[in-house]
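Listed below, chain by chain, are the residues.
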Amino acid sequence: MKDTAAPIKIVPISPDPSGRVDGISTYCHALSQLFEDCEEVRVTPPLNCKVRESRLVNFVFGWHSLYTTMKATKADVVHVNGYTAFNVFQSLVMARLLRKRIVYTAHWHPFRMLRRPLLGKVFFYVMIRPFLGLPHRIVTINSEDTAFFSFAKHKVRRIPHWNRFKASELPAPVEKDKRMVLFIGRFNAFNKGFDYLYHLPEGEYDIHCVGRGEVDVRSDMTIHTNIPDEELRALYAKASLVVIPSMYEAFSYVALEALTLNTPVLMSDRVRIADYLGECQGVEVFPYGDYDAFVQKVATHIGSPVDRDKVLDIFSPDNIRKQYIKVYRESMGSK
């Protein structure tokens, strides 16, 4: 039996532990930082295991490397992250073989939103679903994935992502640019909705785009690439509206960061952070695929006030850390 006075040691596993920037890797590193000063739970950086990419099954760990690195961590709980990657299956199986307690976060997307929907669905139901009896807890991040994992209802705990801005990192209030619209994301990604910007009347707004990718740039667009965090925060603070016309977002750090900096957000009805925001002032939603509604809501929502206090309370790091502590403790006590 583990000494209850000693912190529970957690090792998160990301499909790509190389440090490349992606949503799951960012989450794993942020989770480690969330518990930096916690005496009850210690979360290490993601497991540093040899990995190779596969066109068919995304990421694959070397079995021997996975065994030796996971065993060497002496972790109490292995927190597996991922959805349609082969090393999710590998991590679940290896953690069981090493008698580790398991927490699983899928970062789930509807199959129809994947690049290869049929392949993703077949892979999940053949390689992942049969092994979901192994995790002692399953963490979901929105209402849709919570419903999807309802077959394991007694194990599921819905926890949102948290506000990662520290008070010292927030820029001083600045005067808003009343015409400034901000878009953040990969410009030529099929699911980010950059094309919605072309439907805005040219010259009516000052459109700033942060990200990368080759696109046609209009006269009213300013492109920002590889900018430091300080400059990004300054753009958030100055903008009068952030738009997120994505085909799907399981959460949306962009929305959370904008609202934290008192900037209203317009997002499609497929951006799932909306599950937590309800009637929160500063948030507006349009039906994905309806370009006219997008244009109309940009015109009416730009410059709207934001209920920042409510946002900070919902996504408080302290509150969410307590929820994770409860999950990790439950996983240690599960049978």
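Our subject in this report is the structure included herewith.

Thresholds, definitions, all that
Residues numbered from 1 in each chain as written. Predicted model: local features only at pLDDT ≥ 70, side-chain atom pairs only at ≥ 80, totals over all residues. Heavy atoms only, no water. Pairing = 2+ DSSP bridges. Helix = DSSP H or I, 4+ residues; strand = E, 2+ residues; numbered from the N terminus. Axes fitted to C-alpha atoms, helices over the stretch in contact; angles between N-to-C directions. Contact = heavy atoms within 4.5 Å. Disulfide = S-S within 2.5 Å. Buried < 20%, exposed > 50% of the residue type's maximum accessible area, 1.4 Å probe, protein only. Phe/Tyr/Trp six-rings, centres within 6.5 Å; stacked < 30°, edge-to-face > 60°. Lys NZ or Arg CZ within 6 Å of the ring centre and 35° of its normal.

1. As for the sheet that holds strand S10 (residues 206-210)
Within a sheet, neighbouring strands are paired by backbone hydrogen bonds and run either parallel or antiparallel to one another. Here 6 strands make up an open sheet; going across it, the order is S11-S10-S9-S12-S13-S14 and the pairing parallel. Both edges of this open sheet fall to strand S11 (221-224) and strand S14 (283-286), since each of them pairs with a single strand only. Direction aside, the axes of adjacent strands within the sheet are offset by 25 degrees on average. Alignment of strand S13 (residues 265-268) against S14, held across 4 bridges, turns out to be parallel. Looking at S14, one finds that Ser 268 is bridged to Phe 286. Each of strand S9 (180-184), strand S12 (241-244), S13 and S14 touches helix H9 (residues 291-301); the most contacted strand, S14, lies at about 165 degrees to it.

2. Here's the deal with the state of the cysteines
Taken as a whole and assessed by the stated rule, the structure comprises 0 disulfides. Cysteine Cys 38 is unpaired, with the sulfur of Cys 28 as its nearest cysteine sulfur at 17 Å.

3. Let's talk about unusual backbone geometry
Although it is not a glycine, Arg 99 sits at a positive phi angle of roughly 60 degrees. Along the chain, Arg 99 turns up in the loop between helix H3 (86-97) and strand S6 (101-105). What makes Arg 99 exposed here is its relative accessible area of 71%. The phi angle at His 107 is positive, at roughly 55 degrees, despite the residue not being glycine. With respect to the element layout, His 107 can be found in the loop between S6 and helix H4 (117-128).

4. Quick look at the packing of aromatic side chains
For the structure shown, the criterion picks out 32 aromatic pairs. Centre to centre, the rings of Phe 148 and Phe 149 are 5.1 Å apart; their planes meet at 90 degrees, and the pair counts as edge-to-face. Of the aromatic side chains, those joined through ring pairs into one cluster are Tyr 83, Tyr 104, Trp 108, Phe 111, Phe 124, Tyr 125, Phe 148, Phe 149 and Phe 151. Looking at Arg 164, its charged tip hangs above the ring of Tyr 253, at a distance of 3.6 Å from the centre.

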